[in-house]
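These are the residues of each chain, in order.
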Amino acid sequence: MSALKFSYKKPEETGIDSVWITNFLDRLEHCHLPMHSFILMKDDSIVAETYYAPYTADTQHRMFSITKSFVSVAIGLLAKEGRLTLDDFIISYFPEKLNDITPSPYLTEMTIRDMLTMTSCHAKTTYKAPGCTDWVGSFFTTAPSHAPGTTFSYDTSATHTLCALVEKLTGMKLLDYMRAKFLDDIGFSKDAYVIEAPGGESLGGSGLMCTPMDLLRFIYVISKNGCLDGKQILPESYIKAATSKQSDTYGKSATWEEMQGYGYQFWMTSHSGYACYGMGGQYALVYPEKNIIVVTTADTQGRQGGTQLIYDAFYQEIYDKIGVEIVPAVPSCNLEQYLKTRSLFYVQGGNTSPIVERIKGVRYEMDVNPMGFKWVSLSVDKYDGTFDYETDKGVFSLPFSIQSNQVVEFPHYRYKACTSGAFLDTNTFLIKAHIIDECVGNLFIQLVFKGNDVTVMMRKFEETMFTEFDGFICGHRS
């Protein structure tokens, strides 16, 4: 079987107006929703593909909980090989993790199936407790909250433990096992990988690093129930079950799409679809009724309802119009040029202010604060600038561009970032940093100058790091 190579068609050839696609993306950009990539497939052909600079087609992206769907498929493959069954008790595979404690009946009753359907005995992820280093062990030593197999509760430690099970039974890393079974055959990137947990096992709940096209190849095979080129490369019955509703999510979810149900590490969606879903807008969506696949990468962290916004915009601007509205024979916009010019948004505002020379390079000594900032300084020129500061971790400088993004290495953390800044008014300067690495997130640093004082408001939208960039601090001209 040769690697998956998809054909490309103009949207109009598949009943989609090009302007619907631009309207969809414009709608998200108008809301300043940070999109990173978008691929639309209709009738097995790609009709739109774009990457928001500095992202490119070859940029590996953190896929977060989409990793869970990969773990599910690995479990399905092991079941097909007869190396486990979904009704096996998980505790039987990890007796060494009990630490001589007598397990709760709820723990001993829990099956692999319960974990796949997010109906484990835990109400939340167990390894996020402070100081936890044995993430798999925490799953077995944390006191259960309820009987397994009864109610949906999103528990990433369940998936992480299933990933550890895959690696224990195969003696291979999760992605290596899946490469040998089918990923290499479909052309999945050779340099894709899964971040490791403190214990050395793959971070099965959220660690996948790969390209959007890798996701398309993966979900395309899933959409065909595991059959490709007449060969059944994944177990059909398992894939059908995995992408069908197995547990009810209505009472536990905050958005309409997440209320539709859950399969085996796949989400159900409205419009009779299903999804691989990762935090921040990582999506691989399948809509069988109209033979559509959508792949997105994004960073909606900090935007309440941001992921639902992607769904709503897609349904209203594209999906619901297919087969209802007349599509022109000639494309109604230059879609190709439009898709080539997408980029991450930057801070909108001015590049100068009457106070720019007065504050340039001035060190402001900060009041004692829990974030550990000792002093800050802002320098702004016509096209770029720097935010200099000292914390308990050292002295740092964060460069940024004005009216564009600058790709930098974020100080101390050493993650790749896109930074921009601008004056919002005479006395207010805002810096925005998109973190675009194994860590994905965004930070805002706003400085408001008043006389000889500055107030700095910082907000960070990232899961575990950058904690010093969250809160208010005040300083005085030294």
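Just above sits the structure.
All values derive from a computational prediction rather than experimental measurement.

Asks: Break down the sheet that holds strand S3 (residues 45-51) for me, with residues and values.
Replies: Here seven strands make up an open sheet; going across it, the order is S1-S3-S2-S12-S11-S10-S9 and the pairing mixed. Every interior strand has two partners, whereas the edge strands, strand S1 (7-8) and strand S9 (267-269), have only one. The pairing of S1 with S3 spans two bridges and is classified as parallel. Opposite Ser-7, over in S3, you have Ser-45 as the bridge partner. Lying on the sheet, helix H1 (residues 18-30) is in contact with strand S2 (35-42) and S3; it crosses S2 at an angle near 155°.

Asks: Can you explain the environment of Thr-108? Please cite residues and give values.
Replies: Here Thr-108 shows up in helix H3 (residues 105-108). What makes Thr-108 partly exposed here is its relative accessible area of 30%. In this structure, the C-alpha to C-alpha distance between Thr-108 and Phe-140, residues 32 residues apart in sequence, is 9.5 Å. In this structure, Thr-108 is in contact with Phe-89, Ile-91 and Pro-103, ignoring residues within four places of it in sequence. Side-chain polar atoms of Thr-108 contact the backbone oxygen of Pro-105, separated by 2.9 Å.

Asks: Describe the sheet that holds strand S5 (residues 193-194), naming the residues involved and giving the relevant values.
Replies: Sheets are built from strands that pair by backbone hydrogen bonding, the pairs being arranged parallel or antiparallel. Read from one edge of the open sheet, three strands run S4-S6-S5, paired in antiparallel fashion. The sheet terminates laterally at strand S4 (61-62) and S5, the two strands that pair on one side only. Where S5 meets strand S6 (residues 208-210), two bridges bridge the pair, whose relative direction is antiparallel. Along S6, the bridge assignment pairs Val-194 with Leu-208.

Asks: Residues and numbers for the pairing of S2, please.
Replies: Counting buried positions along S2 yields eight of eight residues, so the element is predominantly enclosed. Taken together, the seven bridges between S2 and strand S12 (residues 292-298) define a ladder with antiparallel strand orientation. If you follow Ser-37 over to S12, its bridge partner there is Thr-297. Two strands pair when backbone bridges link them, and S2 and S3 are joined in this way by six bridges, in the antiparallel orientation. Residue Met-41 lies in a different strand from S3, and its bridge partner there is Ile-46. If you look at the hairpin formed by S2 and S3, you'll find two residues sitting between the two strands, and Asp-43 has a positive phi there, around 55°.

Asks: Account for the side chain of His-434, naming residues and giving values.
Replies: In this fold, His-434 is placed in strand S19 (residues 428-436). With relative accessibility at 1%, the residue His-434 sits in the buried group. Within the structure, the side chain of His-434 is placed 3.1 Å from the backbone oxygen of Phe-345, a separation counted as a polar contact. Discounting chain neighbours no more than four positions away, the residues touching His-434 are Pro-34, Leu-344, Phe-345, Asn-405, Lys-416, Ala-417, Cys-418, Gly-441 and Asn-442.

Asks: Give a description of the packing of aromatic side chains that names residues and reports values.
Replies: Two numbers describe a pair of aromatic rings. These are the distance of the centres and the angle of the planes. Tallying each qualifying case throughout the model produces 38 aromatic pairs. An angle of 65° between the planes, with centres 5.7 Å apart, marks the rings of Phe-152 and Trp-267 as edge-to-face. Remark: Trp-267 occurs in strand S9 and Phe-152 occurs in the loop between helix H5 (135-141) and helix H6 (156-170); sequence separation between them is 115 residues. Phe-152 gets classed as buried once you look at its relative accessible area, which sits at 4%. Here the guanidinium or amino end of Arg-342 rests over the ring plane of Tyr-338, the centre of that ring lying 3.8 Å away. Taking the ring centre of Trp-375 as reference, the NZ or CZ of Arg-363 above it sits at 3.9 Å.

Asks: Tell me about the pattern of salt bridges, residues and numbers included.
Replies: Summed over the entire model, instances satisfying the criterion amount to 22 salt bridges. One salt bridge connects Glu-463 with Lys-128, and the closest N-O pair in it is separated by 3.4 Å. Remark: Lys-128 occurs in the loop between helix H4 (112-116) and H5 and Glu-463 occurs in the loop between strand S21 (453-461) and strand S22 (471-477); sequence separation between them is 335 residues. You can call Lys-128 exposed: its relative accessible area is 54%. Close ionic contact of Arg-179 with Asp-184 constitutes a salt bridge, the shortest N to O distance being 3.9 Å. Exposure remark for Arg-179: the relative accessible area of 10% places this residue in the buried category. Its relative accessible area of 32% is what places Asp-184 among the partly exposed residues. When salt bridges that share partners are traced, they join Arg-27, Glu-317 and Lys-321 into one network.

Asks: Go over unusual backbone geometry, please, and point to the residues and values.
Replies: For the bond running from Ala-53 to Pro-54, omega is 15°, close enough to zero to count as cis. Here Pro-54 lies in the loop between S3 and S4. Look at Met-118: it is not a glycine, yet its phi comes out positive at around 55°. Within the secondary structure, Met-118 sits in the loop between H4 and H5. The phi angle at His-271 is positive, at roughly 60°, despite the residue not being glycine. Considering the arrangement of structural elements, one finds His-271 in the loop between S9 and strand S10 (273-278).

Cut-offs used in this document
- Residues numbered from 1 in each chain as written.
- Predicted model: local features only at pLDDT ≥ 70, side-chain atom pairs only at ≥ 80, totals over all residues.
- Heavy atoms only, no water.
- Pairing = 2+ DSSP bridges.
- Helix = DSSP H or I, 4+ residues; strand = E, 2+ residues; numbered from the N terminus.
- Contact = heavy atoms within 4.5 Å.
- Axes fitted to C-alpha atoms, helices over the stretch in contact; angles between N-to-C directions.
- Buried < 20%, exposed > 50% of the residue type's maximum accessible area, 1.4 Å probe, protein only.
- Polar contact = N/O pair within 3.5 Å; in protein donor to acceptor, adjacent residues only side chain to side chain.
- Phe/Tyr/Trp six-rings, centres within 6.5 Å; stacked < 30°, edge-to-face > 60°.
- Lys NZ or Arg CZ within 6 Å of the ring centre and 35° of its normal.
- Salt bridge = Lys/Arg side-chain N within 4 Å of Asp/Glu carboxyl O.

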